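# Structural characterization, general
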Amino acid sequence: MSAIHVKKSDMDKSWLPKRRDRNIKSQLEYHLIICEGSETEPKYFETLKKKIIGDNRKKIDIEVIGKGKGTTVLLDEAIKKVQNSTNYISNVWLVYDKDDFTNESFNEVSKSCIESNKSNGTIYNAIWSNESFEVWVLLHFIRFDTPISRKECIKKINENFKKKGMGKYQKNDEKLYDKLLPYLNNAIKNAKWLEEKYIDILPSEMCPCTKVRELVELLEKYT
């Protein structure tokens, strides 16, 4: 199984982890999703986790954790979790935002994931959003490529929620994934379109952008 989908033009980027393929049919895989946030992201991925059905439960097992910690601290917490786990964790997915973190600390997570992947069987994946997770949410409705703050992003999300009769966007909404599901394909297309606008630059310079679709696409294969 591919840990992260990388287009050919990105293969030589130094901040991207090397591709490793695994056969999803061969054994049960344990995945750890560890989120910077303690509400929105964990609840979003917990809902997606619950949608894994039938024989797929024999292929993949997922643990979702909201740590309330960001950047390199999040990676340190993940490494400790892997080391103390009684199961072999094949993939760790670090879900975090740029927000007010420095460019250096934001970029360091991706770089450190690469270094960890060189010496550890577990694959660490940097699933970042610049500037916030709400970029991923907004991409379900519109295509945009200009930098946007979390506050402005939420404003635009609410405008689209209102048009769709979806109520108001709330960070602790346990039904967020289900509400957005009808527009998921649109979000994936828009996220890919956005990524393709950036060539050979660091994550901190890719604004707006989000890697959340990579994890969502992987898990969707099991639902």
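Residues numbered from 1 in each chain as written. Predicted model: local features only at pLDDT ≥ 70, side-chain atom pairs only at ≥ 80, totals over all residues. Heavy atoms only, no water.

### Section: the nonpolar core
Heads up, the rule is: Buried Ala, Val, Leu, Ile, Met, Phe, Trp, Tyr and Cys residues that are joined via side-chain atoms within 4.5 Å together make up what is termed a nonpolar core. To sort residues, take the accessible area from a 1.4 Å probe on protein chains only and compare it with the maximum for the residue type: under 20% means buried, over 50% means exposed, and anything in between is partly exposed. Helix numbers and strand numbers start at the N terminus; a helix is a DSSP run of H or I with at least 4 residues, a strand a run of E with at least 2.
Among the nonpolar cores identified, the biggest contains 60 residues, and Ile33, Tyr44, Phe45, Val92, Leu94 and Trp136 are the most heavily contacted of them. For this core, the element with the highest residue contribution is strand E3 (residues 89–97), accounting for 6 residues.

### Observations regarding the packing of aromatic side chains
Basically, it comes down to this: Here a Phe, Tyr or Trp ring, Trp counted by its six-membered ring, pairs with any other such ring whose centre lies within 6.5 Å, and the pair is stacked when the planes are under 30 degrees apart, edge-to-face when over 60, and tilted otherwise.
For the structure on display, the rule yields 8 aromatic pairs. Measuring from centroid to centroid gives 5.8 Å for Phe141 and Phe161, while their planes differ by 75°, and the two rings are edge-to-face. With Phe141 in the loop between helix H4 (134–138) and helix H5 (150–164) and Phe161 in helix H5, this residue pair connects regions lying 20 residues apart in the sequence. Classification of Phe161 as buried rests on a relative accessible area of 0%. On the basis of an interplanar angle of 85° and a centroid distance of 6.1 Å, the ring pair of Phe161 and Tyr169 is categorised as edge-to-face. The pair formed by Phe161 and Tyr169 is uniform in burial state, with each residue classed as buried. The rings of Tyr44, Phe45, Phe133 and Tyr177 are connected pair by pair, giving a single aromatic cluster.

### Regarding the pattern of salt bridges
What counts is decided by this rule: The term salt bridge refers to a side-chain nitrogen of Lys or Arg lying within 4 Å of a carboxyl oxygen of Asp or Glu.
Applying the stated criterion to the full structure yields 14 salt bridges. Across the pair Lys197 and Asp145 runs a salt bridge, and its minimum N-O distance is 3.4 Å. Of this pair, Lys197 sits in the loop between helix H7 (184–195) and strand E5 (209–210) while Asp145 sits in the loop between H4 and H5; the two residues are 52 residues apart in sequence, bridging distant segments of the chain. According to the relative accessible area criterion, Lys197 is partly exposed, its value standing at 43%. On the basis of relative accessibility, which here comes to 34%, the residue Asp145 falls in the partly exposed class.

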